[in-house]
Protein chains: 2
Amino acid sequence: MYNMSETDTRSRLLWAAKELIWEYGVAATSPGMLLRRSGAGQGSLYHFFDGKAGWAREAIVAVAAELTAEADETLAGEPAGLPAIERYLQRPRNALLGCRLGRLAFDPDVIADDQLRAPIAGYFAHLRRLLAGAVRDAVRQGELPASTDARALAEALCAVVQGAYVTGRASDDAAAMRRATKAMRALLHAAGAGVGR
Amino acid sequence: MYNMSETDTRSRLLWAAKELIWEYGVAATSPGMLLRRSGAGQGSLYHFFDGKAGWAREAIVAVAAELTAEADETLAGEPAGLPAIERYLQRPRNALLGCRLGRLAFDPDVIADDQLRAPIAGYFAHLRRLLAGAVRDAVRQGELPASTDARALAEALCAVVQGAYVTGRASDDAAAMRRATKAMRALLHAAGAGVGR
DNA sequence: GTCTATAAGTGGATAGAC
DNA sequence: GTCTATCCACTTATAGAC
């Protein structure tokens, strides 16, 4: 039987770290903010984690696991190919909150510490692999031209979502995400319309 | 005749602010860093600028003007339409450095101060207008389908570039930009191939 | 495990001499 | 205009009692 109270305080700290990093990034999240939001005391923080890099890394790793599971769910399901790509583009997203991992790409603390950047890189690598697979399925099913560069298109699909987070937040316009992904779907359909002729 | 030494010190401070904000964002750039890089003294900083929000805003406004001029040059030139869009996508960019304005979208200081966010929003609004104009030209010239939603496609074109900065930096992979924009060009050509039949 | 006390360093800004 | 001295708040972390 494990110690329940330990698990609780540690979990609360990690939950608060995930929330705060989403809202403010790593560099702008301070130990004080973490203690206030979690309700834990300073002693607990340094008991459970090895400094700021410690809890930041654990939070990022946990979020990466969550987003990876979501991506698997969306893209590995049926039907495969173009419908899977459409499911990815049409996922509900709040452009103003930002991608929980993508918004960290230019965080000074993340740039300076490869231990923090690596889980983020891993998530995007996985996402691009899934998207490239969906593109190849689409080509196989005649939904996209045979000349399609799957790796490049996967990068563009990933980028258009991440970019809409950026322009949406910069312009304080949550509709940017819907517009950008709608245009992407239209392009894919128009490109696919010419196949087989 | 204006005071040359004043102009010099002020210019050096502003130049340093633009550089540092590009490298670290606003929140992570401190007065101390600014003084070290510019070589100016503390007194000069507070003589010429009204606190951090002051020099940060001036730097952002200046960068927005520079990027706006670049966009005008690229997109307003000849030939118009799809070639203009291609020129935009193929501009030389360093994905690892990031967009000088887009990288600020999730900066805590920028999010918290509309005076800092407004020039960034203005730049992106201008860029989207230019891109939407190029898309309409392309439709008129038969390079894209008549059904094309110019505003949405402009958003997607803007987003794919901004997103490639994000995934490129996160994955420490400067080639992400070339891949994403290449896929976008291929999609545009494939979509345009079906026009007029 | 959790608490309070503490400390060295930095961030952002002001004061006042020159 | 530019300088140095100074200030308060906060960040990150450690010490040591309970």
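Values in this document were obtained by computation on a predicted structure and should not be read as measured data.

(A) Local environment of the relation of the copies chain B and chain A. Rotating chain B by 180 degrees and moving it 0.0 Å along the rotation axis overlays it on chain A with an RMSD of 0.0 Å. This pairing of chains is accounted for by a two-fold axis. A share of 100% of interface residues in chain B that are also interface residues in chain A marks the association as one of identical surfaces.

(B) Structural view of the packing of aromatic side chains. Residue and element names in this part refer to chain B. The full count for this structure, using the stated rule, is 2 aromatic pairs over all chains. An angle of 55 degrees between the planes, with centres 5.2 Å apart, marks the rings of Y123 and F124 as tilted. When sorted by exposure, Y123 lands in the same class as F124, which is buried. Looking at R93, its charged tip hangs above the ring of Y88, at a distance of 4.8 Å from the centre.

(C) A look at unusual backbone geometry. Residues and elements named next belong to chain A. A cis amide bond, omega -5 degrees, links E78 with the succeeding residue P79. By the secondary structure assignment, P79 is in the loop between α4 (51-76) and α5 (82-90). Not every positive phi belongs to a glycine, and D172 is a case in point at roughly 50 degrees.

(D) Seen up close, the pattern of salt bridges. Applying the stated rule across the entire model yields 30 salt bridges over all chains. B:E66 serves as the salt-bridge partner of B:K18, at 2.7 Å between the closest nitrogen and oxygen. Linking B:K18 in helix α1 (residues 4-24) with B:E66 in helix α4 (residues 51-76), this pair joins segments that are 48 residues apart in sequence. Overlapping salt bridges bring together A:R128, A:E155, B:D173 and B:R179 as one network.

(E) A look at the interface of chain B and chain A. Taken residue by residue, the interface counts 48 residues in chain B and 48 residues in chain A. Between chain B and chain A, the buried area comes to about 4,000 Å², and carbon and sulfur atoms account for 69% of it. When the buried area of chain B at its contact with chain A is split by residue, B:F106, B:R179 and B:L187 rank highest and sum to 18% of it. Taken together, the connections running from chain B to chain A amount to 4 salt bridges. Linking B:K182 and A:D149 is a salt bridge whose minimum nitrogen-to-oxygen distance equals 2.7 Å. Our count for the chain B to chain A interface comes out at 12 residue pairs in polar contact (both at pLDDT 80 or more). Ranked by residue count, the leading element in the side of chain B that touches chain A is helix α8 (residues 150-170) of chain B, at 16 residues.

(F) A look at the confidence of the model for chain A. All names here are of chain A. Considering every residue of chain A, the mean pLDDT works out to 95; 96% of them sit at 70 or more. The least confident element of chain A is helix α1 (residues 4-24), whose mean pLDDT is 88; the most confident is helix α8 (residues 150-170), at 99. Within the model, pLDDT remains below 50 along residues 1-6, and this stretch shows 2 contacts once partners closer than five positions in the same chain are excluded.

Conventions we followed
Residues numbered from 1 in each chain as written. Chains lettered and ligands numbered in written order. Predicted model: local features only at pLDDT ≥ 70, side-chain atom pairs only at ≥ 80, totals over all residues. Heavy atoms only, no water. Least-squares fit on C-alpha atoms with pLDDT ≥ 70 in both. Contact = heavy atoms within 4.5 Å. Phe/Tyr/Trp six-rings, centres within 6.5 Å; stacked < 30°, edge-to-face > 60°. Buried < 20%, exposed > 50% of the residue type's maximum accessible area, 1.4 Å probe, protein only. Lys NZ or Arg CZ within 6 Å of the ring centre and 35° of its normal. Helix = DSSP H or I, 4+ residues; strand = E, 2+ residues; numbered from the N terminus. Salt bridge = Lys/Arg side-chain N within 4 Å of Asp/Glu carboxyl O. Buried area = accessible area lost by both parts, 1.4 Å probe. Polar contact = N/O pair within 3.5 Å; in protein donor to acceptor, adjacent residues only side chain to side chain. pLDDT = per-residue confidence, 0-100.

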